[in-house]
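# Coordinate analysis (summary)
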Amino acid sequence: APSTWSCNDLRESGVPNVHLWQRGIDSVKFHPQNRDIELRTALLGMRPDRKIVGYVGRLANEKRIDDLTTLDSRDDVQLVIIGEGPAKNRLKNVLPNAIFVGYKSGEDLAKYYASLDLFIHTGKHETFCQSIQEALASGVPVIAPNSGGPLDLVKHGWTGYLIDTSDSQELNHAVNLVLRSPELLTMSKRARESVIHRTWEGVNSQLIGHYSELIGAKANRSGELVA
């Protein structure tokens, strides 16, 4: 299972032999050096003093993107929503000041990530949340729900904050802590360092190790039955 939370949930449901297998990250593709001044200028328009706060993911009701409503009205923040989904038209009405850029991938996606000042994910039931890991690799601090997969990815107070994003007061406070912190640059560096060791080569080797253990255990049981 991809997260500690998922492992515990499966075990509590009676599923045996659960092992943790997290996801890898392409830290070459997702890198702070992709920060694009021209893109930031286009997004901020005549207000270069604002900070860019972004969400990347599917635009669906279960992602709770409505939690960002309280930030949409802030004068010091420009919300940027990256992704497509069935809730897009409704969210455009809920977040009238946000910029919806649609689905992005490859180098374009990497550029958007790195050009953010802060990444926020609002889904409370994520089994992992790869977009959080991609933001961290891009050197962007993260605010995420204090539940599910994000618990393994965000170190509270170090690379971002784990909060109840549905609590507008708590969300605004966390945003202020990040964006107004004199250690923002340091937090950005810590964000990247927290995930770059999770290479796909490493996590796939771990998976092969799990399979090898299972094969070995089955062979031992077969030998015992024959004996």
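Computed from a prediction, not measured in an experiment: that's the story for all the values here.

### Some thoughts on the nonpolar core
F119, I132 and V142 are the most contacted members of the largest nonpolar core, which totals 30 residues. Among the elements of the structure, α2 (37-44), β1 (51-56), β2 (77-82), α5 (106-114), α6 (130-137) and β5 (142-145) are those that each provide at least two residues to this core. Residue contacts for V142: discarding those within four places in its chain leaves L118, F119, I132, A135, L136, V154, T159, G160 and Y161. Within the second largest apolar cluster, 26 residues are counted, among which are I65, L95, A174 and M187.

### With respect to the packing of aromatic side chains
Applying the stated criterion across every chain, the model contains 2 aromatic pairs. Measuring from ring centre to ring centre gives 5.6 Å for F30 and Y113, while their planes differ by 85°; the resulting arrangement is edge-to-face. Of the two residues, F30 sits in the loop between α1 (4-12) and α2 while Y113 sits in helix α5, which places them 83 residues apart along the sequence. According to the relative accessible area criterion, Y113 is buried, its value standing at 0%. Note on Y113 and F119: the rings are 6.0 Å apart at their centroids and 50° apart in plane angle, and the pair reads as tilted. Each member of the pair, Y113 together with F119, is buried.

### Notes on the pattern of salt bridges
In this structure the tally under the stated criterion is 13 salt bridges. Two residues, D67 and R64, come together in a salt bridge whose shortest N-O distance is 3.4 Å. Looking at R64, the relative accessible area reads 30%, which means it is partly exposed. Shared partners join several salt bridges into a network, and the residues in it are R35, R40 and D117.

### Comments concerning unusual backbone geometry
Phi at N17 takes a positive value of approximately 55°, unusual for a residue other than glycine. Judged by its relative accessible area of 68%, N17 falls in the exposed class. The backbone of C129 sits at a positive phi, close to 95°, despite the residue not being glycine.

### Things to note about the pairing of β2
Most of β2 sits out of view: 6 of its 6 residues are buried. Neither face of β2 is left uncovered, since the one carrying V77, L79 and I81 and the one carrying Q78, V80 and I82 both have all their residues buried. The sheet contact formed by β1 and β2 spans 6 bridges and is parallel. Paired with Y55 across the two strands is I81, which belongs to β2. As defined by bridge partners, β2 adjoins strand β3 (residues 99-102) across 3 bridges and the pair is classed as parallel. Its bridge partner lying in β3, I82 is registered against G102.

### Some details on the sheet that holds β2
Strand order in this open sheet of 6 strands is β3-β2-β1-β4-β5-β6, and the pairing throughout is parallel. Here the strands that pair on one side only, and so sit at the sheet edges, are β3 and β6 (160-163). This sheet shows a mean twist of 20° between the axes of neighbouring strands, independent of strand direction. Where strand β4 (residues 118-120) lies against β5, 2 bridges are found, and the strand directions are parallel. Paired with F119 across the two strands is V142, which belongs to β5. Across the face of the sheet, helix α8 (residues 168-179) comes into contact with β1, β2, β4, β5 and β6 while running at roughly 170° to β6.

Calculation rules
Throughout this document, residue positions are counted from 1 along each chain, in the order its sequence is written. Totals for whole chains, interfaces and linings use all residues, but because this is a predicted model, local features are given only for residues with pLDDT of at least 70 and pairs of side-chain atoms are given and counted only at 80 or more. With hydrogens and water stripped out, all remaining heavy atoms of the structure feed into the side-chain values. Buried Ala, Val, Leu, Ile, Met, Phe, Trp, Tyr and Cys residues form a nonpolar core when they are joined through side-chain atoms within 4.5 Å. Three exposure classes are used, based on accessible area relative to the maximum for each residue type with a 1.4 Å probe and protein chains only: buried under 20%, partly exposed in between, and exposed over 50%. The numbering of helices and of strands both runs from the N terminus, where a helix is a DSSP run of H or I of at least 4 residues and a strand a run of E of at least 2. In what follows, a contact means two residues having at least one pair of non-hydrogen atoms within 4.5 Å. Any pair of Phe, Tyr and Trp rings, taking the six-membered ring for Trp, is counted once the centres come within 6.5 Å. Such a pair is stacked with planes under 30 degrees apart, edge-to-face with planes over 60 apart, and tilted for the rest. A side-chain nitrogen of Lys or Arg and a carboxyl oxygen of Asp or Glu constitute a salt bridge if their distance falls within 4 Å. A pair of strands is considered paired only if DSSP assigns at least 2 bridges between the two. Helix axes are fitted only over the stretch in contact, all axes being lines through C-alpha atoms; the angle between N-to-C directions runs from 0 to 180 degrees.

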